[in-house]
Amino acid sequence: MTIPLPPIAFTRHPARRGIAWLREAAVMLAAARMRWLVLLLAYYSIQWLAAFVPAVGPLVMMIGRPVFTVGFLAAAWTQQRGG
């Protein structure tokens, strides 16, 4: 017997909120440009190095991409909270 899942609640925001969100992101990038560039450089370097490992490299990056994505989110949240 399966339990029915509740419907997903979607929240609609006006388009102005999206524009404001992009501006906030640009301000965050400007405030810590070098840190973000170093994070991206590290991410792409690890991806590049993993591409040279024959059997394990693609598997490592398949697992690593979500980890790095959450890491970027955590960095953004930390910066947004003043860290």
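Scroll up a little and you will see the structure.
Residues numbered from 1 in each chain as written. Predicted model: local features only at pLDDT ≥ 70, side-chain atom pairs only at ≥ 80, totals over all residues. Heavy atoms only, no water.

(A) Quick look at a nonpolar patch on the surface. Taken together, Met34, Leu37, Val38, Leu40 and Tyr44 make up a surface patch of nonpolar side chains, about 510 Å² in accessible area. Looking at where Met34 falls in the secondary structure, it is placed in helix H2 (residues 33–50). Relative accessible area serves as the criterion here: at 61%, Met34 is assigned to the exposed category. (Patch = residues over 30% accessible without salt bridge, like charges linked within 9 Å, V, L, I, M, F, W, Y side chains within 5 Å. Areas by Shrake-Rupley, 256 points an atom, 1.4 Å probe, with all protein chains shown as cover. Salt bridge = Lys/Arg side-chain N within 4 Å of Asp/Glu carboxyl O. Helix = DSSP H or I, 4+ residues; strand = E, 2+ residues; numbered from the N terminus. Buried < 20%, exposed > 50% of the residue type's maximum accessible area, 1.4 Å probe, protein only.)

(B) Representation of the packing of H2 against helix H3 (residues 57–80) in the model. Two numbers describe how H2 lies on H3: the axes approach to 10 Å, and their chain directions differ by 175 degrees. One way to sum up the angle between H2 and H3 is to call them roughly antiparallel. The residues of H3 that touch H2, namely those facing Trp36, Leu39, Leu40, Tyr43, Ile46, Gln47 and Ala50, are Gly57, Pro58, Met61, Arg65, Phe68, Phe72, Ala75, Ala76 and Gln79. (Axes fitted to C-alpha atoms, helices over the stretch in contact; angles between N-to-C directions. Parallel < 35°, antiparallel > 145°, perpendicular 65-115°, else oblique. Contact = heavy atoms within 4.5 Å.)

(C) Expanded view of the layout of surface pockets. Its volume calculated, the largest pocket comes out at about 410 Å³. If you trace the largest pocket, you find 13 residues lining it, with Trp21, Ala25, Met28, Trp36 and Ala76 closest to the centre. When residues of the lining of the largest pocket are traced back to their parent elements, those giving at least two are helix H1 (15–31) and H3. In terms of residue class, the lining of the largest pocket is built from nine nonpolar, two polar and two charged. (1 Å grid on protein atoms, 1.4 Å probe; cavity = no way out; pocket = protein on both sides within 12 Å on 5 of 7 lines; lining within 4 Å. Points joined across faces, edges and corners; volume = space filled by probe spheres on them. Nonpolar A, V, L, I, M, F, W, Y, C, P; charged D, E, K, R; others polar.)

(D) Representation of H2 in the model. Its 18 residues place the ends of H2 26 Å apart at the C-alpha level, agreeing with the 26 Å of an ideal helix rising 1.5 Å per residue. Trp36, Tyr43, Gln47 and Ala50 are the residues of H2 that are buried. Here the buried residues of H2 occupy an arc of 70 degrees about the axis, which is enough to place them on one side. More than 90 degrees from the buried face of H2, the exposed residues found are Met34, Leu41, Trp48 and Leu49. Buried residues along H2 sit against H1 and H3. (Expected span 1.5 Å × (residues − 1). Arc of directions from axis to C-beta.)

(E) Fine view of the side chain of Gln47. Residue position: Gln47 is located in helix H2. On the basis of relative accessibility, which here comes to 19%, the residue Gln47 falls in the buried class. If near-sequence neighbours (up to four positions away) are discounted, Gln47 is found in contact with Met61 and Arg65.

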